[in-house]
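If you want the building blocks of each chain, they are given just below.
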Amino acid sequence: MPTAVAAPGPATAAAPDPPAPVSIGACQGCGACLLTCPTHAIRPTPLGLTVRADRCTGCLECLEICPVDAIRATAEPRGER
C-alpha cells in the first residue's frame, strides 16, 4: 500500500536584510574604518570594502574617522553613539 506524501506548502521568501546605515564610496584604502569599527562590520572584498548590515549598529565612527569622506550615512542610525 503506497504511503501518502504531504504536498509542499507555499514557499516563503525570507525578508530582505535592511540596508546598512552607511555606504562606502571613493575609498583610498587607508584602513582607518576597519580599525575603528567596534563591531567589525566593514570587511575587505576583492572589489573593495563592504559594510555588513547585520553587524553595523550605525554608530558612525567610520564616517567620522574617514580622512577622504568616502563613507556616507544612508539610513537612520540603529545604535547609540
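Rules behind the numbers
- Residues numbered from 1 in each chain as written.
- Predicted model: local features only at pLDDT ≥ 70, side-chain atom pairs only at ≥ 80, totals over all residues.
- Heavy atoms only, no water.
- Helix = DSSP H or I, 4+ residues; strand = E, 2+ residues; numbered from the N terminus.
- Buried < 20%, exposed > 50% of the residue type's maximum accessible area, 1.4 Å probe, protein only.
- Contact = heavy atoms within 4.5 Å.
- Areas by Shrake-Rupley, 256 points an atom, 1.4 Å probe, with all protein chains shown as cover.
- Salt bridge = Lys/Arg side-chain N within 4 Å of Asp/Glu carboxyl O.
- pLDDT = per-residue confidence, 0-100.
- Pairing = 2+ DSSP bridges.

**Considerations on the overall build of the protein**
Phase 1: Within the protein, the regular secondary structure consists of 2 helices and 4 strands.
Phase 2: Listed by position from the N terminus, the elements making up the protein come as β-α-β-β-α-β.
Phase 3: When the 81 residues of the protein are sorted by exposure, 23% land in the buried category.
Phase 4: At a minimum sequence separation of 6, the contacts of the protein that also span at least 24 residues come to 52%.
Phase 5: With an accessible surface of roughly 6,000 Å², the protein has 58% of that area assigned to carbon and sulfur atoms.

**Topic: the pattern of salt bridges**
Phase 1: One pass over the full model with this rule turns up 1 salt bridge.
Phase 2: One salt bridge connects Arg 52 with Asp 54, and the closest N-O pair in it is separated by 2.8 Å.
Phase 3: Residue classification places Arg 52 among the partly exposed residues on the basis of a relative accessible area of 31%.

**A few points about the confidence of the model for the protein**
Phase 1: Taken as a whole, the protein shows an average pLDDT of 77; of its residues, 69% reach a score of 70 or greater.
Phase 2: When pLDDT is averaged over each helix and strand of the protein, the minimum, 80, is found for strand S1 (residues 22–24) and the maximum, 93, for helix H1 (residues 32–36).

**Thoughts on the environment of Pro 67**
Phase 1: Note on placement: Pro 67 falls in the loop between helix H2 (61–65) and strand S4 (71–73).
Phase 2: When the C-alpha atoms of Pro 67 and Gln 28 are compared, they prove to be 9.1 Å apart, with 39 residues separating the residues in sequence.

**Concerning the environment of Cys 56**
Phase 1: Positionally, Cys 56 belongs in the loop between strand S3 (48–51) and H2.
Phase 2: Placed 16 residues apart in sequence, Cys 56 and His 40 show a C-alpha to C-alpha distance of 7.9 Å.

**A look at the pairing of strand S2 (residues 42–45)**
Phase 1: Across 4 bridges, S2 lies against S3 in antiparallel orientation. If you follow Arg 43 over to S3, its bridge partner there is Thr 50.
Phase 2: Remark: 2 residues form the turn of the hairpin made by S2 and S3, two consecutive strands paired antiparallel.

**Thoughts on the environment of Val 22**
Phase 1: Mapped onto the secondary structure, Val 22 falls in strand S1.
Phase 2: Through-space distance from the C-alpha of Val 22 to that of Ala 73 is 4.4 Å; in sequence the pair is 51 residues apart.
Phase 3: Not counting chain neighbours up to four residues away, the residues in contact with Val 22 comprise Val 51, Cys 56, Leu 60, Cys 62, Ile 71, Arg 72, Ala 73 and Thr 74.

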